[in-house]
Amino acid sequence: MTTGSLDSQALVQQPRKAPPVGRVLRILLGLVLMVYVAPVYFQVPVRVATGSLLLVIGLIGVYSLIHIVVSRRIVAFGSCLGAVVAFGLLVTLYVAGASVLPIFGHGKGQLAAVTFLGISLVVAGVRAAPGCELMAIPGVFFGKHTELACLIFSPLDKLERKLRSKRGASPPLRLG
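Residues numbered from 1 in each chain as written. Predicted model: local features only at pLDDT ≥ 70, side-chain atom pairs only at ≥ 80, totals over all residues. Heavy atoms only, no water.

Caption draft 1: Fine view of the overall build of the protein chain. For the protein chain, the count of helices and strands is seven helices and zero strands. Reading the protein chain from its N terminus to its C terminus gives the helix and strand order α-α-α-α-α-α-α. Put simply, of all contacts in the protein chain between residues at least 6 apart along the chain, 63% involve residues at least 24 apart. Carbon and sulfur atoms provide 71% of the accessible area of the protein chain, an area that totals close to 11,000 Å². (Helix = DSSP H or I, 4+ residues; strand = E, 2+ residues; numbered from the N terminus. Contact = heavy atoms within 4.5 Å. Areas by Shrake-Rupley, 256 points an atom, 1.4 Å probe, with all protein chains shown as cover.)

Caption draft 2: Just helix H5 (residues 108-127), in detail. For H5, which comprises 20 residues, the first-to-last C-alpha distance of 28 Å matches the rise-based estimate of 28 Å (1.5 Å per residue) to within 8%. Here H5 lies mainly inside the structure; 14 of its 20 residues are buried. (Expected span 1.5 Å × (residues − 1). Buried < 20%, exposed > 50% of the residue type's maximum accessible area, 1.4 Å probe, protein only.)

Caption draft 3: Highlighting the environment of Ala-96. Checked against the element boundaries, Ala-96 lands in helix H4 (residues 79-97). C-alpha of Ala-96 to C-alpha of Lys-108: the two residues are 12 residues apart in sequence and 8.8 Å apart in space.

Caption draft 4: The arrangement of the nonpolar core in detail. Ranked by internal contacts, the top residues of the largest apolar core, which has 17 residues, are Tyr-63, Leu-90, Phe-116 and Leu-134. A per-element tally of this core places helix H3 (residues 46-71) first, with six residues. Ignoring sequence-local partners within four residues, the contact set of Leu-90 consists of Leu-59, Tyr-63, Ala-113, Phe-116, Leu-117 and Leu-134. Counting residues in hydrophobic clusters, the runner-up holds nine residues, among them Leu-33, Ala-49, Val-114 and Phe-153. (Core = buried A, V, L, I, M, F, W, Y, C linked by side-chain atoms within 4.5 Å.)

Caption draft 5: How the structure looks around the side chain of Arg-26. Note that Arg-26 resides in helix H2 (residues 20-43). With residues near it in sequence (within four places) discarded, Arg-26 still touches Ala-18, Leu-121, Val-122, Ala-124, Gly-125, Ala-129, Gly-131, Phe-153 and Asp-157.

Caption draft 6: Representation of the side chain of Ser-120. Relative to the helices and strands, Ser-120 is located in helix H5. Taking the relative accessible area as the measure of exposure, Ser-120 reaches 0% and is therefore buried. If sequence neighbours within four positions are ignored, Ser-120 has contacts with Glu-133, Leu-134, Ala-136 and Ile-137.

Caption draft 7: Quick look at a nonpolar patch on the surface. On the surface, Val-21, Leu-25, Val-84, Phe-87, Val-91, Tyr-94, Val-95, Leu-151, Ile-152 and Leu-156 cluster together into a nonpolar patch covering about 850 Å² of accessible area. Of all the secondary-structure elements, those providing two or more residues to the nonpolar patch are H2 and H4. The element contributing the most residues to the nonpolar patch is H4, with five residues. Note that Val-91 resides in helix H4. (Patch = residues over 30% accessible without salt bridge, like charges linked within 9 Å, V, L, I, M, F, W, Y side chains within 5 Å. Salt bridge = Lys/Arg side-chain N within 4 Å of Asp/Glu carboxyl O.)

Caption draft 8: Spotlight on the packing of aromatic side chains. Under the defined criterion, the tally for this structure stands at one aromatic pair. Ring geometry for Tyr-63 versus Phe-116: centroids 5.1 Å apart, planes at 10°, classification stacked. Taken together, the residues Tyr-63 in helix H3 and Phe-116 in helix H5 connect sequence positions 53 residues apart. (Phe/Tyr/Trp six-rings, centres within 6.5 Å; stacked < 30°, edge-to-face > 60°.)

The values reported here are purely geometric and, on their own, carry no functional implication.
If you want it as structure tokens, here you go:
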């Protein structure tokens, strides 16, 4: 084996990281959401705040289960289909929060969804987690990233990588 093949194997085995601009955008959006939602916890009744925090814990459990299913390939999810399922779960909880349902309604689901998304974005940005930021918290627990695309950040990350690779490849020097 040559050192070139060892280097290429190391690159394949090394998990990809989110590029710098994508990381910053994740962290900034997450912080904006958290700053937006934090005062709400002090304005709503205690039962709504408590219910929302319990739903956040439930979301961590559900997304951890999704992480196990995807990482062990128990169910064959494509990267995009898995992202739609993960994002759809959060959207469903948010919509259910606007109802009068006992567990999710009266704003609990909305508050929990925004809180979970904000925390997940910050965790994903700090860890440089590529792909679905909703899977960042389970990624911390299990020590690895989930190979799901993100509906918003994956295309931005791909564009950033493409622009960085073009900028990194300089034209050959002409002598004479």
